Amino acid sequence: MSSAADRAAPPNRGPLVRFLVLLVIVAVVLYPLIWMIGTSVKSPQEIVSNIGLIPEKFTPGNFAEGWTKFDVSFGRFFLNSALVSLLTVLGNTISCLLAAYALGRLRFRLRGVWFAVMIGTLLLPGHVLIIPQYILFRTLGWVGGDWPYLPLLVPAFLATEAFFVFLIVQFMRGIPRELDEAAVIDGASPYGIFRHVILPLSRPALVTTAIFSFIWTWNDFFRQLVFLSELKDYTAPVALTLFIDSTSESAVGPMFAMSLLSLIPVFLFFVAFQRLLVEGINTSGLKG
Amino acid sequence: MTASTLTRDPAAPAAHRPGRRVRRRRENLAGYVFLSPWLLGLLGITAVPMLISLYLSFTDYSPLISLSDASWVGFDNYRRMFTADQSYWHAVTVTITFALVAVPLKLAAALGVALLLNRTMRGISVFRGLFYLPSLLGGSVALAIVWVSMFNREGAFNSFLALFGIEGLPWVNDPDWALYTLILLAVWQFGAPMVIFLAGLKQVPVELYEAASVDGASAWRKFAHITLPMLSPVIFFNLVLETINGFQGFTSAFVLSNGTGGPVDSTLMYTLNLYIKGFVELDMGYASAMAWVFLLVIGAITVLLFSTGRFWVHYSDNEER
């Protein structure tokens, strides 16, 4: 602020008021999360009687109880979730990168048509395809089979998440064409250009893809609910819904404890990559 | 220089021509090599299932029998949907209510907070991050569980009301209110559109506001005549995205009603209804018909939004900034 403005105007309370308003909004927005943490260490009696955020009697036992509440432990469910999420990250990054390189940088017949089709699938609701996919995967013996995660993973390895293809294409368009042309003069093939020019320069887009891929898959419920049939194969979100069935009061604490644990990986990603996540949705309009 | 002079350059030595043709053929092949996983996915995971789904929508089919045994019933599924199935129309009403209330509220919250944050101020990135956090967590089962507990009879929300001597309702068990707790959960996740609004606000040229100040324009007039028009492309983008997402809400409704759409069908979102018909009642022919109508309606809404966009979305001519 310039000194002339300082002299002219009386002390401005605007910024302070704005700050206080923002503080109140933050408190309201974060309340459910803080309440969740408090409730996860409350005893059954206190969950009903104590309306405060901090428990009078610290009850960490909820975590142990929730962990072993069902025939299969939550350790297994979290491991399943991690396996599905990490393999989906791998599949999405590789397959979407390959498709994006073709659509964004190479000249080949019908490219325009395929690009338009890819844009068309961007807005295609996943719920529309779930029934025929279920029938297809069941016919192939993938649902509840020896490899129960094939229905969740195979689509990721086939670049069906058009959002990421689009995101990487957009990013690749910013890489100067001259680099390709120089490589061509040096005798590089399209594969060589991919390996030595595009792949190293696309790393930021790949990191964004990987992070969003992980968070979306970790939080995903619909597909996991439909395709996982055996308790031992359940992922954390599907297992959490088992708590809803047991309506007894005593289950609330353990239910909150396990819910809290299930949010931690996403929270850690948020802390580590906050800047990148915010920039990621800026450049592509990706949903959180 | 035009494309044709580039490709048919008479000065180019003749010896280079075959090389160029070979290179183009190689690039053509490479294009399809790199595209092959995506093409396979398009065919096997998207296109063929869509066709199967279209076929199934004219049949009576349960997954307990093989696909070839599905019995053809013509337009019966569609007729049943539009004329006989009360719960179907109930689900349509619930979904439209959800989208019509949640999307404007969410966008208004996003824009309001973005305007508050759009000043140079210390700690701005901390605020931005904290507001964004619910967008990352809010779609999960875990958060839906917390939300439902918060609006129970003994939940935190009623405890809060009790401080003012108000006796709350069991909101999530009340058919008149259950959907609104889900709407609130959607609005709570205003951070993602807010971040996009913030980026849009940064693009508005400061000179416009300065010129308006010189002309003595009030804060409201600046908002209505500069901010809103300049922001309209971003508003439009968020509107399309949030509307399409709004129609597809599933997880929170599933958790609140334990997969039934209750109480009294009040949270029977379209996708939840589709899940129940297809995977609980195993009426997959009918559910496929529902899926196709859903697809067509979402497509129609997108087209509608884009066609109205012409009248109110203002694209600036120069995009240098």
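What you see is a predicted model; the values in this text were computed from it and never measured. Here the residue numbering is sequential within each chain, running from 1 through the sequence in written order. To label them, take the chains in the order written and letter them from A, then take the ligands in the order written and number them from 1. The model is predicted, so local features are restricted to residues of pLDDT at least 70 and side-chain atom pairs to those at 80 or more, both for listing and for counting; the totals for chains, interfaces and linings are taken over all residues.

Engineer: Teacher, can you tell me more about the overall build of chain B here?
Structural biologist: Scanning chain B for helices and strands turns up 14 helices and two strands. Note that the radius of gyration is over C-alpha atoms, with the globule rule given as 2.2 Å times the number of residues to the power 0.38. Computed over the C-alpha atoms, the radius of gyration of chain B is 27 Å, more than 25% above the 20 Å expected from 2.2 N^0.38 for a compact globule of 321 residues. Principal-axis analysis of the C-alpha atoms places the extent of chain B at approximately 90 × 75 × 35 Å. Here a residue counts as buried when 20 or more other C-beta atoms sit within 10 Å of its C-beta, as exposed when there are 12 or fewer, and as partly exposed otherwise, the C-beta atoms being derived from the backbone. Out of the 321 residues in chain B, the part that is buried amounts to 38%. Two residues qualify as being in contact provided that their C-beta atoms, derived from the backbone, are within 7 Å of each other. Considering only contacts within chain B whose residues lie at least 6 apart along the sequence, 70% involve residues at least 24 apart. Here a strand is any run of E in DSSP of at least two residues, a helix any run of H or I of at least four, and the numbering for each starts at the N terminus.

Engineer: How do you make sense of the interface of chain A and chain B when you look at a structure like this?
Structural biologist: Interface size is often expressed as the accessible area that is lost when the parts come together. Every contact between the two is made by 70 residues of chain A and, on the other side, 76 residues of chain B. The class makeup of the residues in the side of chain A that touches chain B is 49 nonpolar, 14 polar and seven charged. When residues are sorted by character, Ala, Val, Leu, Ile, Met, Phe, Trp, Tyr, Cys and Pro go into the nonpolar class, Asp, Glu, Lys and Arg into the charged class, and all the rest, Gly among them, into the polar class.

Engineer: Quick question: what am I supposed to make of the UniProt feature "transmembrane region" (unreviewed entry) in chain A here?
Structural biologist: Per the UniProt record, "transmembrane region" (unreviewed entry) is annotated on residues 16-37, 77-101, 113-137, 149-169, 197-218 and 255-278 of chain A. For residues 77-101 of chain A, the helix share is 100%, the strand share is 0%, and the end-to-end C-alpha distance is 36 Å. UniProt positions are given in the numbering used here, feature names are shortened, and annotations may be inferred rather than shown by experiment.

Engineer: It is not clear to me how the domain arrangement of chain B should be interpreted in this structure. Could you clarify?
Structural biologist: All names here are of chain B. Domain parsing of chain B yields domain 1 (16-72) and domain 2 (84-312). Each domain's limits were defined by an automated method or a database of domain assignments. Taken over C-alpha atoms, the centre of domain 1 sits 34 Å from the centre of domain 2. Contributing elements (two or more residues each) for the side of domain 1 that touches domain 2: helix H2 (16-56) and strand E1 (59-60). Broken down by element, the side of domain 1 that touches domain 2 gets its largest block of residues, three residues, from H2.

Engineer: How do you make sense of the nonpolar core when you look at a structure like this?
Structural biologist: Nonpolar side chains tend to gather and get buried jointly when the protein is soluble and globular. In plain words, the nonpolar core is the set of buried Ala, Val, Leu, Ile, Met, Phe, Trp, Tyr and Cys residues that C-beta atoms within 7 Å link up. Residues Ala110(B), Ile145(B), Met194(B) and Phe197(B) are the most contacted members of the largest nonpolar core, which totals 119 residues. Tallying contributions element by element places helix H4 (residues 86-117) of chain B first for this core, with 14 residues. For Phe197(B), the contacting residues outside a window of four places in its chain are Ala110(B), Leu111(B), Ala114(B), Leu231(B) and Val234(B). If you look at the next biggest cluster of nonpolar residues, it comprises 34 residues, including Leu97(A), Leu98(A), Met118(A) and Phe166(A).

Engineer: Teacher, can you tell me more about helix H7 (residues 126-139) of chain A here?
Structural biologist: Because the α-helix completes a turn every 3.6 residues, residues three or four places apart line up on one side. Residues and elements named next belong to chain A. A helix's residues, less one, multiplied by 1.5 Å, set its expected span. Helix length check: H7, at 14 residues, gives a terminal C-alpha distance of 20 Å against a target of 20 Å (1.5 Å per residue), a fit within 8%. Most pronounced at Pro132, the bend in H7 amounts to some 35 degrees. For H7, a buried count of 10 out of 14 residues is recorded, marking the element as mostly surrounded by other parts of the structure. Listed in full, the buried residues belonging to H7 are His127, Val128, Leu129, Ile130, Ile131, Pro132, Gln133, Tyr134, Ile135 and Phe137. Positioned one or two residues after H7, Gly141 has a phi angle of 80 degrees, which is positive. Here the bend at each residue means the angle between axes fitted to two seven-residue stretches, the one ending at that residue and the one beginning there.

Engineer: Looking at this model, I keep getting lost on unusual backbone geometry. Mind explaining?
Structural biologist: What you tend to see is this: most non-glycine residues have negative phi, and most peptide bonds are trans. Note that the residue after Gly262(B), namely Pro263(B), is joined by a cis bond; omega there is -5 degrees. With respect to the helices and strands, the residue Pro263(B) is situated in the loop between helix H12 (251-257) and helix H13 (270-280). The residue Leu110(A) is not glycine, and still its phi comes out positive at about 70 degrees. Mapped onto the secondary structure, Leu110(A) falls in the loop between helix H5 (74-105) and helix H6 (111-122). Looking at Leu110(A), the number of C-beta atoms within 10 Å reads 13, which means it is partly exposed.

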